[in-house]
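These are the residues of each chain, in order.
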Amino acid sequence: MSQETGPADVRQDQDVDTTHAVPVPDPASTPEQEIAIEQHFVDRVYARVDVLRGEAEGNRDSGYAHLAATVPGARYERDVFVYQAARRIADLDSQHEGLVFGRLDFDDGKVRHVGRLGVRDEEYRTLLVDWRAPAAAPFYRATAVDRQEVARRRVIRSFGRTVEEISDDLLNEDAAGRLPVIGDGALMAALGRKRTGRMRDIVATIQAEQDAAIRAPGRGATIITGGPGTGKTVVALHRAAYLLYQDRSRYEAAGILVVGPSAVFMKYIGRVLPSLGEETAALYSLGELYAGVEATRQDRPEVAAVKGGTVMLPILRRLVRQTPPGAPSELRIVYRGDVFKLDAAELAAARARVFEKEPRPNLAKTEAGRALLVALWRKIKPVIEDAEPAKFSRDVGSRGEFLTFLDHWWPDLDPADVLGWGGDLRRLASAAEGHLKKEAIEGVAASLSEPDFSIPDVALLDELRILLGVKPQPRGRDRIRSWEGIQEVSTVQDRYYDRPERQARDAFYEDYAHVIVDEAQDLSPMQWRMLGRRGRGAGWTIVGDEAQSSWPRPRESADARRRAVPSGRLHEFHLTKNYRNSKEVFEYAAEWAKPRLRNIDLPEAVRETGVRVAEKTVAADALLPEVAGSVVQALAAVEGTVGIIAPYDRHEELGDIVHDGRVTLVGPLESKGLEWDAVIAVDLEAVAQSHGAGVAYVVLTRATQRLTRIDIA
Ligand SMILES: Nc1ncnc2c1ncn2[C@@H]1O[C@H](COP(=O)(O)OP(=O)(O)OP(=O)(O)O)[C@@H](O)[C@H]1O
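Residues numbered from 1 in each chain as written. Predicted model: local features only at pLDDT ≥ 70, side-chain atom pairs only at ≥ 80, totals over all residues. Heavy atoms only, no water.

Right, let's get into the overall build of the protein. When helices and strands are tallied, the protein shows 29 helices and 21 strands. Looking at the protein as a whole, 57% of its 713 residues qualify as buried. Look at the contacts in the protein between residues 6 or more apart in sequence, and 77% of them connect residues 24 or more apart. Accessible surface for the protein amounts to roughly 30,000 Å². Of this, 51% is attributable to carbon and sulfur atoms. (Helix = DSSP H or I, 4+ residues; strand = E, 2+ residues; numbered from the N terminus. Buried < 20%, exposed > 50% of the residue type's maximum accessible area, 1.4 Å probe, protein only. Contact = heavy atoms within 4.5 Å. Areas by Shrake-Rupley, 256 points an atom, 1.4 Å probe, with all protein chains shown as cover.)

Listed below in structure tokens is the structure:
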């Protein structure tokens, strides 16, 4: 299928009529009657979608392309089906979230329904407007002050194909006698729902300030800031879906990269885009952006602070130039009856000459062979006066023993091996001389000698890939699927949740059209460099909250960010309402954080629960029973998830109490971006001491309903 016949054909714009007729409303109608009215409409949409699905299934077998080219109108059918229905309906069905979720009643009596995708009726008139279309904007933007001719906004909540609930918002008071108003606020209902451990889309309740950020232009850099729980993550994901809708051919062909802090976080957000009917973005955590590595280990904060800094650049450059372990220290050859040798110092000098010509060792093998021959020639020439350089080079340069020596002396280097050299204290000390203090060298060497890579190591590996000149691996076919027909639909879910499939492109792919960075305040300069490489020509969406930062040198990071993100137009948005925490939880967190964090950006929490934060202090040996008891209480008090956030050195001790599927135990850094209905925050002062007050503030702002803080006496 060609991109040209893509979604632009099925976009609904303001210049076409996107409203449709409905029975005249009865202001005295009951909730049940109103639900029945919406159910009737929802049934009609699904019936239409089923027809399209059936037709497409038939068409697939009888030569789709041919049909599309010859039958008038068939192109439209094909587009609707292949680009929208086939890709999305299976997802939407299995999400149990309604295809139709919104309705606008205008002052003139016309009605527009808004849904997860656009659907037209038999006569190609709009039945349902895609939420991303301009015609859907009033659903999110209209307010009592700026009504945009909207009299009533209705949120329709369904389970699968069944309408369950309606919630109305009357914007035009004068319409009260004409329109029924049902329900009490879709937003509050959504915020109060139990959490399942997977982030949900917010398509039915996007707020106006969020909508503006979602619909910002794709090019240039969009910066979204806001305190905890203001919806930065969820907005960034809706933005990805919006960009795909806006310019599908561009964003699908070149790709959108979404980067978040940890694998746990990527799993948490992994369902949002499919539930919006999109699954072609590549979702990577910072520990996964080097192909073949899935780092989840955190370094100790002081080690991470060194590894993430640009101080690593000169150190890596020196490391790359070191003699590889196991390289021979002497070259001997026999030429015309005489023995000639290059000793360790001469070999080192030859190595240095190679680097003068080509700094990337993996691209310098020919140069390395040449340097050895030149060094040998300098010895041979005075001894064998009639020797000819060209003949000498040919003879010696093609000998098996010479080539074998070259292979050992100048092996192809793998970034993982070279980074591993840093685990050798002597080697690292030599590379880091003049750049790092002794304790820092020892800490980094100890961490690099671990058997697995840590998250900060991934940016170092990526830097080494460039410094070494690693040849690009044959990339194979991009894992973007071609969506030629209906077969694709049956396994969308299976494949999506199969981890590698959320990574629609390989980790080294560098030509993204858009890069979305979440929790950007935590990116180290080395991580910015790694991301910058992947989005040289991209638009960027950068989302974060400085107060929640765990990176100790924000200026250095800001500088690296400026270099990574191409200069261009800047679009800035600031979100002001906290939708996650109850007022009680957030006020507690804010009071704790205010004296400890500068320039803190405090949003307003919109929801009250009446449940105050519980504080307990226990002796160290009583920690386990206290946490266990709090977990039991929390499980009884909330319907959804319970999170224990504890310093890493407590995990072994506390691991035993995690039996219930609703309970998770995470470290402070993994809690970033996540949320639970109830949170048990263990030893907050220790968290603040080792990771900084910003991370402790993160811990305090993860609970939607209940927070228990357990300190150690
Ligand atoms: N308009 C909305 N309608 C319903 N729920 C919303 C809305 N906006 C945000 N939420 C919910 O609020 C919670 C917080 O959102 P999100 O995680 O995106 O915030 P954040 O700003 O990234 O938070 P943090 O910086 O603390 O990690 C989520 O459960 C999200 O679904």
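Let's shift gears to the sheet that holds strand 14 (residues 570-575). By way of backbone hydrogen bonds, the strands of a sheet pair with one another, either parallel or antiparallel. Across the sheet, which stays open at both edges, the six strands sit in the order 9-8-12-13-7-14 with parallel pairing between neighbours. Two strands bound the open sheet, and with one partner strand each, they are strand 9 (282-285) and strand 14. Going from strand to strand, the sheet's axes swing by 15° on average, the running direction of each strand aside. Bridge analysis of strand 8 (residues 256-260) against strand 12 (residues 514-517) gives four bridges, and the strand direction is parallel. Counted as the bridge partner of Ile256 is His514 from strand 12. Contacts from helix 23 (residues 525-534) reach strand 8, strand 12 and strand 13 (539-544), with the element oriented near 150° to strand 13. (Pairing = 2+ DSSP bridges. Axes fitted to C-alpha atoms, helices over the stretch in contact; angles between N-to-C directions.)

Look at the UniProt record and you will see "binding site: ATP" (unreviewed entry) annotated at Gly226, Gly227, Pro228, Gly229, Thr230, Gly231, Lys232 and Thr233. Tracing the backbone shows Gly226 in strand 7 (residues 221-226). Judged by relative accessible area, which is 0%, Gly226 ranks as buried. Those residues in contact with Gly226, other than ones at most four positions away along the chain, are Lys232, Gly544, Asp545, His574, Leu575 and Asp601. In this fold, Lys232 is placed in helix 7 (residues 232-246). Those residues within four positions of Lys232 in sequence are excluded, and the remaining contacts are Ile224, Thr225, Gly226, Gly227, Val543, Gly544, Asp545, Gln548 and Leu575. (UniProt positions renumbered as here; feature names shortened; annotations may be inferred.)

So, about the sheet that holds strand 21 (residues 703-712). Spatially, the five strands line up as an open sheet ordered 17-21-20-18-19, and their pairing is parallel. Strands with a single pairing partner mark the edges of an open sheet, and in this sheet they are strand 17 (614-618) and strand 19 (663-666). Taking each pair of neighbouring strands and ignoring which way they run, the sheet shows an average axis angle of 20°. Bridging between strand 18 (residues 642-645) and strand 20 (residues 676-682) involves four bridges; their strand directions are parallel. Among the inter-strand pairings, Val642 is bridged to a residue of strand 20, identified as Ala678. Contacting strand 17 and strand 21, helix 25 (residues 583-593) runs over the sheet at an angle of about 45° to strand 21. Along the sheet face, helix 26 (residues 623-637) touches strand 17, strand 18, strand 19, strand 20 and strand 21 and points at about 165° away from the line of strand 21.

Let us now look at the site of the ligand. In the vicinity of the ligand, 24 residues are found, and the nearest of them are Thr205, Lys232, Arg580, Glu675 and Arg702. Contacts to the ligand include Thr233, whose side-chain N or O atom sits 2.9 Å from an oxygen atom. One nitrogen or oxygen atom from the side chain of Glu519 is found 3.4 Å from an oxygen atom belonging to the ligand. Considered on its own, the ligand offers 640 Å² of accessible surface; in the complex 97% of this is hidden by protein. Only helix 5 (186-192), helix 7 and strand 15 (577-582) provide two or more residues apiece to the shell around the ligand. The element contributing the most residues to the shell around the ligand is helix 7, with three residues. Of the residues belonging to the shell around the ligand, the class tally is eight nonpolar, ten polar and six charged. (Near = heavy atom within 4 Å. Polar contact = N/O pair within 3.5 Å; in protein donor to acceptor, adjacent residues only side chain to side chain. Nonpolar A, V, L, I, M, F, W, Y, C, P; charged D, E, K, R; others polar.)

Mapped onto the secondary structure, Phe508 falls in the loop between helix 22 (492-497) and strand 12. Given a relative accessible area of 15%, Phe508 falls into the buried group. Remark: the alpha-carbon pair of Phe508 and Asp462, spanning 46 residues in sequence, is separated by 8.7 Å. The contact partners of Phe508, leaving out residues within four places of it in the chain, are Leu289, Tyr290, Ala291, Asp462, Arg465 and Arg534.

Glancing now at helix 16 (residues 400-409). The complete set of buried residues in helix 16 reads Phe402, Phe405, Leu406 and Trp409. Angular distribution of buried residues about the axis of helix 16 spans 100°; they occupy a single face of the element. On its buried side, helix 16 packs onto strand 10 (331-335), helix 13 (344-357), helix 14 (365-383) and helix 15 (389-397). (Arc of directions from axis to C-beta.)

Packing of helix 23 against helix 24 (residues 554-564) leaves a shortest axis separation of 8 Å and a crossing angle of 10°. Our classification of the angle between helix 23 and helix 24 gives roughly parallel. Of the residues in helix 24, those in contact with Pro525, Trp528 and Gly532 of helix 23 are Glu556, Ser557, Ala560, Arg561 and Ala564. (Parallel < 35°, antiparallel > 145°, perpendicular 65-115°, else oblique.)

Here we come to the environment of Gln246. Positionally, Gln246 belongs in helix 7. Among the residues examined, Gln246 registers a relative accessible area of 30% and is labelled partly exposed. Taking the C-alpha atoms as reference points, Gln246 and Pro217, separated by 29 residues in sequence, lie 9.5 Å from one another.

So, on to the nonpolar core. Counting residues in each nonpolar core, the largest one holds 140 residues, and the members touching the most others are Trp131, Ile256, Ile269, Leu316, Trp528, Trp540 and Leu707. With ten residues, the top contributor of residues to this core is helix 7. Residues Leu373, Phe405, Trp409 and Trp410 belong to the second largest nonpolar core, which totals 28 residues. (Core = buried A, V, L, I, M, F, W, Y, C linked by side-chain atoms within 4.5 Å.)

With that out of the way, let us pick up the pattern of salt bridges. Following the criterion strictly, the structure yields 49 salt bridges and no others. Measuring nitrogen to oxygen at the nearest pair gives 2.8 Å for the salt bridge that ties Asp386 to Arg336. Taken as a pair, Asp386 in the loop between helix 14 and helix 15 and Arg336 in the loop between strand 10 and strand 11 (338-342) lie far apart in primary sequence, 50 residues in all. For Arg336, a relative accessible area of 48% corresponds to the partly exposed category. Taken together, the shared-partner salt bridges in this structure form one network comprising Glu34, Glu38, Arg103, Asp105, Arg152, Arg154 and Asp168. (Salt bridge = Lys/Arg side-chain N within 4 Å of Asp/Glu carboxyl O.)

Another aspect to go through is helix 24. Ser557, Ala560 and Ala564 are the residues of helix 24 that are buried. Taken down its axis, helix 24 places every buried residue within 60° of arc, on the same side. Looking at helix 24, the residues exposed on the side facing more than 90 degrees away from the buried face are Arg555, Arg562 and Arg563. Close packing links the buried residues of helix 24 with helix 23 and strand 13.

As a further point, take the layout of surface pockets. To locate leftover empty space, one rolls a probe as large as a water molecule over the atoms. Within this model, the second largest pocket holds a volume of roughly 840 Å³. Around the second largest pocket, the lining is made up of 31 residues, and of these Asp522, Ser549, Ser550, Trp551 and Pro552 lie nearest the centre. Elements represented by at least two residues in the lining of the second largest pocket include exactly helix 11 (301-307), helix 20 (455-468), helix 28 (684-691) and helix 29 (693-700). Residues of the lining of the second largest pocket, tallied by class, amount to 14 nonpolar, twelve polar and five charged. (1 Å grid on protein atoms, 1.4 Å probe; cavity = no way out; pocket = protein on both sides within 12 Å on 5 of 7 lines; lining within 4 Å. Points joined across faces, edges and corners; volume = space filled by probe spheres on them.)

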